[in-house]
Amino acid sequence: MKSPKPNSPNNLFELEESATERNVLFDKIQNFSDEFLDSLTTQKAFHHETHAATERDSFFEIDKDKESLEDILGFFKERVVDTGLNPASGGHLGYIPGGGIYSSALGDYLAAVTNRYAGVFYASPGAVRMEDALINWTGKLMGYSDGFGGNLTSGGSIANLMALHTAKHHKNISISNVSKSVVYCTSQSHHSIIKALKIIGLETCIIREIPLDANFRISVSGLETQIKHDEQHDLTPFLIVANAGSTDVGAIDPLKKLSTISKKHNIWFHVDAAYGGFFMLTDLGKKRLKGIELADSVILDPHKGLFMPYGLGVLLVKNIEHLAAAHSYSANYMRDAEMENQYSPADLSPELSKHFRGLRMWLPLKLYGESVFSNYLNEKLQLTGYLYKELKSIGYKVICEPDLSVIAFRL
Ligand SMILES: Cc1ncc(COP(=O)(O)O)c(C=O)c1O
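Scoring rules and cut-offs
Sequence order as written defines residue numbering, which begins from 1 separately in each chain. Owing to the predicted nature of the model, reporting of local features is limited to residues with pLDDT of at least 70; listing and counting of side-chain atom pairs is limited to 80 or more, with chain, interface and lining totals taken over all residues. With hydrogens and water set aside, each side-chain value is computed from the structure's full complement of heavy atoms. Note on terminology: near, applied to a residue and a molecule or strand, indicates that one of the residue's heavy atoms is within 4 Å of it. Two N or O atoms form a polar contact when they lie within 3.5 Å of each other; inside protein one atom must be a possible hydrogen donor and the other a possible acceptor, and for residues adjacent in sequence the pair counts only when both atoms belong to side chains. Each accessible area is a Shrake-Rupley result for a 1.4 Å probe, and residues are judged covered by the shown protein chains and nothing else. Note on conventions: DSSP H or I runs of at least 4 residues are helices, E runs of at least 2 residues are strands, and numbering of each starts at the N terminus. Residue classes follow a fixed rule: Ala, Val, Leu, Ile, Met, Phe, Trp, Tyr, Cys and Pro count as nonpolar, while Asp, Glu, Lys and Arg count as charged, and any other residue, Gly among them, counts as polar. Relative accessibility thresholds used throughout: buried, under 20% of the residue-type maximum; exposed, over 50%; partly exposed, between the two (1.4 Å probe, protein chains only). At least two DSSP bridges between two strands are required for those strands to pair. Delimitation of the domains relies on an automatic or database domain assignment. To count as a disulfide, a pair of cysteine sulfur atoms needs to be within 2.5 Å. Here the expected span of a helix is defined as 1.5 Å times the quantity of residues minus one. The contact criterion used throughout is that any non-hydrogen atoms of two residues lie within 4.5 Å. The patches reported here contain residues having more than 30% relative accessible area and no salt bridge. Joining distances are 9 Å for like charges and 5 Å for nonpolar side chains (Val, Leu, Ile, Met, Phe, Trp, Tyr). Just to be clear on terms, a salt bridge is a Lys or Arg side-chain nitrogen sitting within 4 Å of an Asp or Glu carboxyl oxygen. Only four residue types enter the tally: Lys and Arg on the positive side, Asp and Glu on the negative side, with His and both chain ends excluded. Note that the charge is assigned to NZ on lysines, CZ on arginines, CG on aspartates and CD on glutamates.

K.L.:
For this particular structure, what's the right way to read the site of the ligand?
P.N.:
Around the ligand, the structure places 14 residues, and the nearest of them are Gly 156, Ser 157, Asp 272, Asp 301 and His 303. Contact distances for the ligand include 2.8 Å between an oxygen atom and a side-chain N or O atom of Thr 247. Here an oxygen atom of the ligand and a side-chain polar atom of Lys 304 are 3.1 Å apart. Out of a free accessible area of 390 Å², the ligand has 83% covered by protein chains. Listed by contribution, the elements that provide at least two residues to the shell around the ligand are helix H5 (156–170) and helix H10 (302–305). Counting residues per element, the shell around the ligand draws most heavily on H5, at three residues. Split into classes, the residues belonging to the shell around the ligand amount to two nonpolar, nine polar and three charged.

K.L.:
Honestly, the pairing of strand S9 (residues 313–317) in this entry has me stumped. Any pointers?
P.N.:
Along any regular strand the residues' side chains alternate between the sheet's two faces. Burial within S9 is extensive, with five of its five residues counted as buried. Residues Gly 313, Leu 315 and Val 317 of S9 are buried on one face, and the alternating residues Val 314 and Leu 316, pointing to the opposite face, are buried as well. Bridge analysis of strand S8 (residues 297–300) against S9 gives four bridges, and the strand direction is antiparallel. Bridging across to S9, Leu 300 finds its partner in Val 314.

K.L.:
Explain the domain arrangement of the protein chain here, please?
P.N.:
Size of an interface, as often reported, equals the accessible area lost when the parts are brought together. Structurally, the protein chain comprises domain 1 (19–93) and domain 2 (109–330 + 339–366). Centre-to-centre, using C-alpha coordinates, domain 1 lies 35 Å away from domain 2.

K.L.:
Is there a simple way to explain the state of the cysteines in this structure?
P.N.:
Joining two cysteines, a disulfide is a covalent bond between their sulfur atoms. Going through the model one piece at a time under the given rule, you end up with zero disulfides. The structure places no disulfide on Cys 185, whose sulfur is separated from the nearest cysteine sulfur, that of Cys 205, by 9.1 Å.

K.L.:
Explanation requested: helix H4 (residues 125–142) in the structure shown.
P.N.:
Side chains that are three or four residues apart share a direction in an α-helix, a result of its 3.6 residues per turn. Its 18 residues place the ends of H4 25 Å apart at the C-alpha level, agreeing with the 26 Å of an ideal helix rising 1.5 Å per residue. Among all positions of H4, only Ala 127, Val 128, Met 130, Glu 131, Leu 134, Ile 135, Trp 137, Thr 138, Gly 139, Leu 141 and Met 142 are buried. The secondary structure elements touched by the buried residues of H4 are strand S3 (149–153), S8, S9, helix H12 (359–368) and helix H13 (370–393).

K.L.:
Explanation requested: a negative patch on the surface in the structure shown.
P.N.:
Together, Glu 61, Asp 63, Asp 65, Glu 67 and Asp 71 line one region of the surface with negative charge. With respect to the element layout, Asp 71 can be found in helix H2 (residues 69–81). Among the residues examined, Asp 71 registers a relative accessible area of 43% and is labelled partly exposed.

Right under this line is the structure:
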């Protein structure tokens, strides 16, 4: 039971607010949120000339002084909210980042208030079951069947990193063979792929940028020719990285054909679907993304395709044992937490303590159901189709036919 607040000279009880104090704080935060959300349509999409430091920025510094919540929120609006990019503004022609839906923010709030330890099943079976359900839903949506696994990450870059680490581990790439190991990607691959290779010690492997076709998709014949050439020269092709919605133009590589090639040559097949993956909730997306179910690993970003606030990626690996083998570890102090027949997120990722990030995805999906997300994504596809026709009719050059909702054009 909580003891009454004594008049402690050290303010020892100040961090444990009473219900009344909590309500006062919460009302102010809620008013601030309402004002922000209710004015989104008229807010600037980008705040120019807000990047230079100002004298006001000394307020960022932490010292012994206390500030009122009013002053803190006033400063937060002035020097954080009203600076830089505003992806949820009505004027933002955002082609990839989502605006951040409110119900997801509420999920984050509950996750932080309840502070469940989502890294280990033993510590929070409920949080882990929730995360497992989300991975299961996303995997089934991609067309995976039993035996797959995954992890909720902070975003696409970390999900790519973990996927590539899993590929490296499964294919036994080490210092002894790295210089003869070959990765195949294109100039459309997201830079987080190359960054990931650098972080996992594969900087010195051979990276082949395969030519693109007229629609910015990997040239299948170019890839096959290169693989054959590499094999003949005693090199080891080990990884193909495909796009399922490239960042520049939204291009989707021919996934089915890439899977066939990867199987034939015993290569790990990774699909970066950070932006495009959740279009599997639409009929057009399902048609365009055929073959994604054949990938050894796939990554998606709910903070893109499901409109959630920044900070959420999904990694899927077709065979969960490959993911576990690349990430699990043991320690004396973790013995109590080990459970048979149940992986914990900590067994499948570099994280031990982690944000209970399942709730920010689970709450909106439970509250509104998946169909609302497919409706929203369908609307984006319709808008793109409309824009494509209009741009062409008024004489713009559309760089390539849009596969999904990204459309690149110039005058
Ligand atoms: C295709 C693609 N892959 C990966 C990423 C990296 O994702 P994140 O920014 O969530 O780390 C992005 C980000 O824009 C992307 O568009």
